[in-house]
Amino acid sequence: MITSVRVVAAAISTVFLLCAAAEPLQKKKKDEDFTQTLEVLPDPPAALPAETARLGFLSAPLSTKGLLSQQSRDAVKSLVKAARGAQFIQIRAYVAGTGDLRRIQSIVSEYFTEKRLSLPVLSVVQVGALPVEGAQVQLEAAVQSRKPANPSGLVFASAEAQSPASVLERLRAALSAAGSAAPLRVTCAVSSAEAMQILHKAASSAFSGAVFTVHQAQRLAVQPVSACTAVARLSTPAAGGVRYLPGAVAVSAPKLVLAGAQLAFRYQESDARLAFQRLEKTLESASSSLRQCVLLNVYPLSPQIASLVAKVRGEFLDAARPPAGVAAPYEGLPSLDAAFALEAIALPSGGS
């Protein structure tokens, strides 16, 4: 009898121990299953409206700490801190090296979602090099501040030339003709590391006070080129709300629409035409159109693709009111199949 009791007690003890051991295993399995569920990050918007008078421009300092992901996170944090609560409208990323360009969108979406900030439109292109060795990403941003800073409006200007000195001279002339009071941002692409250093030094004195960034667009450029775009504050309002000049557009209209980079695939005229049609639909969704463009930047991967885009763009733009913008060849785009990208700033329909 005693033996039977002992057997029963031992069996009960064994069952208890097995149940106790199974509980943390089940809990651990549930925890593992939970951590495997990844949050789906939102995509950046294709286009956003902004008030012309409240637009401001920022750039993150270059860093050599870590690789692309860490440098990108640090740059985004720097921009958010510098914005001081202003709403982000656009972020443009120039990525050097061989890192995955798609990481930029993931990092921007992740950080902005975590901080409960509204996502900006996004443009990402690969460049040949940045001014600081070891730096892998340069971020620029357009933000909408709480208070008006450009009461008379903005001027968007662009220039292309073979030498850094010539491009700065042309850019200054375009800004002056449009009635600019103070440059706010100057962005330049060049074809060599030497030109990058020359332009960086020259622009620091020519456009003091402006946010200035420069990059080598391709590692092995086919021909020398320096291409710059600039945004400046107008000294007096543009008559009628908008004024088109050679190489510049002065805008005093109250609203603008900023569109992120629209990728184009394959290399036929029909493919280029399709990219413009997609950008047109994007702008239409924001109550704008390509014929209302004040700035159209093209990021082709070769001079031949740039020529292809030039053949097609006239079908979609107003020849009497050409936008500012550049089309220097770049190193790469976020998709390996992409041939070029389009990036636009436009007036809302009837905005002029």
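Everything below is about the structure printed above this text.
Okay, so let's go over this structure. (Residues numbered from 1 in each chain as written. Predicted model: local features only at pLDDT ≥ 70, side-chain atom pairs only at ≥ 80, totals over all residues. Heavy atoms only, no water.)

With respect to the sheet that holds strand β12 (residues 255-265)
Here is the rule we go by: When DSSP locates at least two bridges between a pair of strands, those strands are taken to pair. Going along the chain from the N terminus, every DSSP run of H or I of four or more residues is numbered as a helix, and every run of E of two or more is numbered as a strand. Under this scheme, a helix contributes an axis fitted over its contacting stretch, all axes are lines through C-alpha atoms, and angles between N-to-C directions fall in the 0 to 180 degree range. Contact between two residues is taken to exist if any of their heavy atoms lie within 4.5 Å; hydrogens are not considered.
Spatially, β1-β12-β14-β13 is the arrangement adopted by the 4 strands of the open sheet, whose pairing is antiparallel. Bordering the open sheet on either side are β1 (47-51) and β13 (288-300), each of which pairs with just one other strand. The average undirected angle you get between the axes of adjacent strands in this sheet is 25°. The sheet contact formed by β12 and strand β14 (residues 338-348) spans 7 bridges and is antiparallel. Its bridge partner lying in β14, Leu-263 is registered against Ala-341. Strands β1, β12, β13 and β14 of the sheet are contacted by helix α6 (residues 269-285), whose axis makes an angle of about 150° with β12. Strands in contact with helix α7 (residues 303-313) are β13 and β14; relative to β13, the strand with the most contacts, it is inclined by about 170°.

A few points about the nonpolar core
We apply this condition: We call a set of buried residues a nonpolar core when its members are Ala, Val, Leu, Ile, Met, Phe, Trp, Tyr or Cys and they connect through side-chain atoms within 4.5 Å of each other. Note on classification: 1.4 Å probe, protein chains only; a residue is buried when its accessible area is under 20% of the maximum for its type, exposed when over 50%, partly exposed between these limits.
Judged by nonpolar contacts, the single largest core of 29 residues is most densely connected at Leu-171, Leu-175, Val-186, Leu-199 and Phe-207. Mapped by element, the contributors of at least two residues to this core are β6 (154-161), α4 (164-177), β7 (180-190), α5 (193-206), β8 (211-216), β9 (226-234) and β11 (248-251). The leading source of residues in this core is α4, at 5 residues. Those residues in contact with Leu-171 that lie beyond four places of it in its chain are Ala-157, Ser-158, Ala-159, Val-186, Phe-207, Cys-228 and Ala-230. By size, the runner-up hydrophobic cluster in this structure holds 26 residues, among which are Val-76, Ala-83, Ile-107 and Phe-112.

Notes on unusual backbone geometry
It is generally the case that most residues other than glycine have a negative phi and that most peptide bonds are trans. The phi dihedral of Arg-116 falls on the positive side, at around 60°, and the residue is not glycine. Structurally, the position occupied by Arg-116 is in the loop between α3 (102-114) and β4 (121-126). On the accessibility criterion, Arg-116 (81% relative accessible area) is exposed. Unusually for a residue other than glycine, Arg-266 sits at a positive phi of about 70°. Here Arg-266 is to be found in the loop between β12 and α6.

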